[in-house]
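The primary structure of each chain is shown beneath.
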Amino acid sequence: DGGITQSPKYLFRKEGQNVTLSCEQNLNHDAMYWYRQDPGQGLRLIYYSQIVNDFQKGDIAEGYSVSREKKESFPLTVTSAQKNPTAFYLCAGGGVNTGELFFGEGSRLTVL
Amino acid sequence: EDQVTQSPEALRLQEGESSSLNCSYTVSGLRGLFWYRQDPGKGPEFLFTLYSAGEEKEKERLKATLTKKESFLHITAPKPEDSATYLCAVQATDDYKLSFGAGTTVTVRA
């Protein structure tokens, strides 16, 4: 089995701490994405990458950082600069510029 | 700015009671409209892509249709396993990023 694997599934963080969410894929997708989902709102794009060693800001990139050192991996760091980090975070992969995405099962981050 | 509005926010159906979900969109030029299904605590699962007005796609009890301003997801004779949140997203011709609606949560009672 495989696809898009996110970890951890649940994460608790104290205010002021950075935390990194893992996203790994074995589907050979060129493009990978990070979305944030809040109750009553649509998915919002944080960052995306279409090729190794390159990534672009999405609509809500402030307070987040990413890296794409390997095609298979696209970790997201939620920094202390993110003012409201409690949310459900979703990683996705797909072809470049396609809207048909494969999502992971998500990571729920709670700031205590 | 691209906008996607889904209605209703929630829909409660009896098993076998057919209904439709609406996705209204505003986009400069439509590259594609996408439907996803999301189960509680899980990531969305891709269902359909629609590219042009008049196009229809079907999968089991689900049928998606597209006009120039909106898309409908018709659920025919739903079963409890069709309970989920259904998300709509659009992709514009001048921007490959997806704009998602907030979703419609469907609950089907046996």
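These figures come from a predicted structure and were not determined experimentally.

Engineer: Please give an account of the nonpolar core that cites residues and values.
Structural biologist: Across soluble globular proteins, you tend to see nonpolar side chains buried next to one another. Ranked by internal contacts, the top residues of the largest apolar core, which has 24 residues, are L21, L33, W35, L73, Y86 and V106 of chain B. When residues of this core are traced back to their parent elements, those giving at least two are β2 (10–14), β3 (19–26), β4 (30–38), β5 (45–50), β7 (62–66), β8 (70–75), β9 (84–92) and β11 (104–109) of chain B. Per element, the largest residue contribution to this core is five residues, and it comes from β9 of chain B. What L21 of chain B contacts, discounting residues up to four positions off in sequence, is S7, L11, W35, S71, F72, L73, I75, Y86, T104 and V106 of chain B. Listed in part, the 20 residues of the second largest apolar core include I4, W34, V78 and C91 of chain A.

Engineer: Can you lay out the sheet that holds strand β7 (residues 64–66) of chain A for me, pointing to particular residues and giving the numbers?
Structural biologist: Residues and elements named next belong to chain A. The four strands are arranged β1-β3-β8-β7 in an open sheet whose pairing can be described as antiparallel. For this open sheet the edge positions go to β1 (4–7) and β7, each flanked by a neighbour on one side alone. Going from strand to strand, the sheet's axes swing by 20° on average, the running direction of each strand aside. Relative to strand β3 (residues 19–25), β1 runs antiparallel, the two sharing four bridges. Looking at β3, one finds that S7 is bridged to S22.

Engineer: Before we move on, could you go through the side chain of T104 of chain B and cite the residues and values that matter?
Structural biologist: All names here are of chain B. With respect to the secondary-structure elements, T104 resides in strand β11. For T104, a relative accessible area of 0% translates into the label buried. Among the polar contacts listed, one links the side chain of T104 to the backbone oxygen of P8, at a separation of 2.6 Å. With near-sequence residues (within four places) excluded, T104 lies in contact with Q6, S7, P8, E9, L11, L21, A84, T85 and Y86.

Engineer: Tell me about the pairing of strand β10 (residues 95–100) of chain B, residues and numbers included.
Structural biologist: As defined by bridge partners, β9 of chain B adjoins β10 of chain B across four bridges and the pair is classed as antiparallel. Bridged to A89 of chain B within β10 of chain B is F100 of chain B.

Engineer: Report on the sheet that holds strand β1 (residues 3–7) of chain B, specifying residues and quantitative values.
Structural biologist: Residues and elements named next belong to chain B. With antiparallel pairing, five strands are arranged side by side in an open sheet as β1-β3-β8-β7-β6. One side of each edge strand has no neighbouring strand; the edge strands of this open sheet are β1 and β6 (56–59). Across the sheet, the mean angle from the axis of one strand to that of its neighbour is 15°, orientation sign disregarded. Sheet topology places β3 next to β8; six bridges connect them, and they run antiparallel. Following the sheet pairing, L21 is matched in β8 by L73.

Engineer: Please give an account of the state of the cysteines that cites residues and values.
Structural biologist: Taken as a whole and assessed by the stated rule, the structure comprises two disulfides over all chains. Paired through a disulfide, C23 of chain A and C91 of chain A show a sulfur-sulfur distance of 1.9 Å. The sign of the -75° torsion about the S-S bond sets the C23 of chain A-C91 of chain A disulfide as left-handed. Taken together, the positions of C23 of chain A in strand β3 and C91 of chain A in strand β9 (residues 87–94) put the pair 68 residues apart, joining distant regions of the chain. The same class applies to C23 of chain A as to C91 of chain A, namely buried. Across the disulfide, C23 of chain B is cross-linked to C88 of chain B (sulfur-sulfur distance 1.9 Å). Every disulfide takes its handedness from the sign of the S-S torsion; for C23 of chain B and C88 of chain B that torsion is -65°, giving left-handed. Pair noted here: C23 of chain B is in strand β3 and C88 of chain B is in strand β9, with a separation of 65 residues, a long-range link. On the basis of relative accessibility, which here comes to 0%, the residue C88 of chain B falls in the buried class.

Definitions and cut-offs
Residues numbered from 1 in each chain as written. Chains lettered and ligands numbered in written order. Predicted model: local features only at pLDDT ≥ 70, side-chain atom pairs only at ≥ 80, totals over all residues. Heavy atoms only, no water. Core = buried A, V, L, I, M, F, W, Y, C linked by side-chain atoms within 4.5 Å. Buried < 20%, exposed > 50% of the residue type's maximum accessible area, 1.4 Å probe, protein only. Helix = DSSP H or I, 4+ residues; strand = E, 2+ residues; numbered from the N terminus. Contact = heavy atoms within 4.5 Å. Pairing = 2+ DSSP bridges. Axes fitted to C-alpha atoms, helices over the stretch in contact; angles between N-to-C directions. Polar contact = N/O pair within 3.5 Å; in protein donor to acceptor, adjacent residues only side chain to side chain. Disulfide = S-S within 2.5 Å.

Honestly, it's all geometry; don't read function into it.
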